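Observations on chain architecture
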Amino acid sequence: MDKKSLSERDICTKFITPALCRAGWDGMTQIREEVSFTKGRIIVRGKLVSRGKGKRADYILYYKPNIPIALIEAKDNNHAIGDGMQQALDYAVTLDIPFVFSSNGDGFVFHDRTGASATPETTLTLDAFPPPADLWARFRAWKSLTPETEAVVLQEYFEDGSGKAPRYYQVSAINAAIEAIAKGRDRVLLVMATGTGKTYTAFQIIWRLWKAGRKKRILFLADRNVLVDQTMVNDFRPFGPAMAKLSTHAGTIEREDGSTIGTAANKKRRIDTAYEIYLGLYQAITGPEEHQKLFREFSPTFFDLIVVDECHRGSAAEDSA
């Protein structure tokens, strides 16, 4: 076989993928090929609108689903072994991936973006690709993950079998938030543009922390009733009977099915504390009147995690509640 006559795809199929499998990477769960992650920048010139070239990684390697740790850029054998490195590094910055490889089928050039290696770039033979455990050990040391923190970081994403997966920037946001909270950070700010799926991102963060047992009672605050209702029936639906809505009628709680429990505003309030996921409005938990101050029914340490949606919409006046 004349390797130089093979296409880039042939190099991947005949040399790179077998090398990954020999190193212990699972072809079904850990290796993804030709991963498109952007459709290209929208370019406007007067009345003409066009889209730039999209970005597609030849390989992304995952330690667990949605936890990417390595990226490989492949070239045909007419290129040098490291010719794809600059393109791979550009993609790795966008995708927040620490370990980067380039290959032409003869071997690999390995670039460690963590800065932990004595030499940032090394050349490996085709049979010397690092196995998943080795790269994860490097990642764990770089992030200074304790066994307890690692268990939270590796908690599975929610998967409903529909094939829906978070976008690359959602994965980066979710993983960064989980890591920070697992390490004990008390305050985390995520800034995401309109239409980028902030509620879905918040759901995956809450789901993973809840399933890991790190956060057991959680409050999700929004500033419009329709947002709370949409969240309950859409993104947060998997929480099911563990979820309830704090109603705008002080002292009542609305179940997932819409039924209410509690007492009217002019009677003694009794809050059912048996739920784990609570959703509510700013207006539902506080207000100028005493009977509107529903938050007083919860102890200051009742919630382990509070997520504030559209936090810039909250009142910041000196006399605000």
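As the structure is a computational prediction, the values presented were derived from the model and not from experiment.

1. What about the sheet that holds strand β5 (residues 67-74)?
Strand order in the open sheet formed by six strands is β1-β4-β5-β6-β7-β8, and the pairing between neighbours is mixed. In this open sheet, the two edge strands, each paired with only one partner strand, are β1 (31-38) and β8 (121-125). Recorded for the sheet is a direction-independent mean angle of 35 degrees between the axes of neighbouring strands. With five bridges joining them, strand β7 (residues 107-112) and β8 adopt antiparallel strand pairing. Paired with Gly-107 across the strands is Thr-125, a residue of β8. Its contacts with the sheet place helix α3 (residues 132-143) against β4 (55-64), β5, β6 (99-103) and β7, and it is angled at close to 115 degrees to β5.

2. Examining the nonpolar core
Among the nonpolar cores identified, the biggest contains 32 residues, and Ile-206, Phe-220, Phe-236, Phe-239, Ile-277 and Leu-279 are the most heavily contacted of them. Among the elements of the structure, α5 (168-182), α6 (198-211), β9 (218-222), α7 (225-233), β13 (277-281) and β14 (305-308) are those that each provide at least two residues to this core. Considering each element in turn, this core owes the most residues, eight residues, to α6. Excluding its chain neighbours within four sequence positions, the residues that come into contact with Leu-279 are Phe-220, Val-228, Thr-231, Met-232, Phe-236, Met-243, Ala-244, Lys-245 and Leu-246. Listed in part, the 30 residues of the second largest apolar core include Leu-20, Ala-23, Phe-129 and Val-153.

3. Notes on the pattern of salt bridges
Evaluation of the coordinates by the stated rule reveals 12 salt bridges. A salt bridge links Asp-127 to Arg-22; its shortest N-O distance comes to 2.9 Å. Taken as a pair, Asp-127 in the loop between β8 and α3 and Arg-22 in helix α1 (residues 8-22) lie far apart in primary sequence, 105 residues in all. Exposure remark for Asp-127: the relative accessible area of 63% places this residue in the exposed category.

4. Here's the deal with the packing of α5 against α6
When two helices pack together, their arrangement is given by the angle between the helix axes and the distance between those axes. Relative orientation of the contacting elements α5 and α6 amounts to 40 degrees, with a least axis distance of 10 Å. In the packing of α5 onto α6, the handedness of the crossing is right-handed. Residue-level inspection shows Gln-170, Ala-173, Ile-174, Asn-175, Ala-177, Ile-178 and Ile-181 of α5 in contact with α6, the latter providing Tyr-200, Thr-201, Gln-204, Ile-205, Arg-208 and Leu-209.

5. Some details on the environment of Thr-38
Looking at where Thr-38 falls in the secondary structure, it is placed in strand β1. A relative accessible area of 24% means that Thr-38 is categorised as partly exposed. With 15 residues separating them in the primary sequence, Thr-38 and Lys-53 have C-alpha atoms 8.7 Å apart. Non-local contacts of Thr-38, meaning those with residues more than four positions away in its chain, are made with Gly-54, Lys-55 and Tyr-168.

6. A look at the side chain of Glu-150
Considering the arrangement of structural elements, one finds Glu-150 in helix α4 (residues 147-153). In this structure Glu-150 comes out as buried when scored by relative accessible area, which is 16%. A polar side-chain atom of Glu-150 sits 2.7 Å from a polar atom in the side chain of Trp-136. If sequence neighbours within four positions are ignored, Glu-150 has contacts with Trp-136, Arg-140 and Leu-145.

7. Remarks on the confidence of the model for the chain
For the chain, the average pLDDT comes to 89, and 90% of its residues sit at 70 or higher. Taken together, the stretch residues 263-268 has pLDDT below 50 and engages in nine contacts with residues farther than four places along the chain or on a different chain.

8. Some words on α7
Burial in α7 covers these residues: Leu-227, Val-228, Thr-231 and Met-232. With its buried residues spanning 130 degrees around the axis, α7 presents them on a single face.

9. Section: the pairing of β4
Every other side chain in a regular strand lies on the same face of the sheet, so the side chains alternate between the two faces. Summarising the sheet, β1 and β4 pair through six bridges and their orientation is antiparallel. Residue pairing in the sheet places Ser-36 in a bridge with Arg-56 of β4. Across five bridges, the pairing between β4 and β5 is antiparallel. Considered in β5, the bridge of Tyr-59 is made with Ile-72. Linkage of β4 to β5, two consecutive antiparallel strands, is achieved through a turn of two residues, within which Asn-66 is found at a positive phi near 70 degrees.

Reading the values: the criteria
- Residues numbered from 1 in each chain as written.
- Predicted model: local features only at pLDDT ≥ 70, side-chain atom pairs only at ≥ 80, totals over all residues.
- Heavy atoms only, no water.
- Pairing = 2+ DSSP bridges.
- Helix = DSSP H or I, 4+ residues; strand = E, 2+ residues; numbered from the N terminus.
- Axes fitted to C-alpha atoms, helices over the stretch in contact; angles between N-to-C directions.
- Contact = heavy atoms within 4.5 Å.
- Core = buried A, V, L, I, M, F, W, Y, C linked by side-chain atoms within 4.5 Å.
- Buried < 20%, exposed > 50% of the residue type's maximum accessible area, 1.4 Å probe, protein only.
- Salt bridge = Lys/Arg side-chain N within 4 Å of Asp/Glu carboxyl O.
- Left-handed = near helix turned anticlockwise from the far one by under 90°.
- Polar contact = N/O pair within 3.5 Å; in protein donor to acceptor, adjacent residues only side chain to side chain.
- pLDDT = per-residue confidence, 0-100.
- Arc of directions from axis to C-beta.

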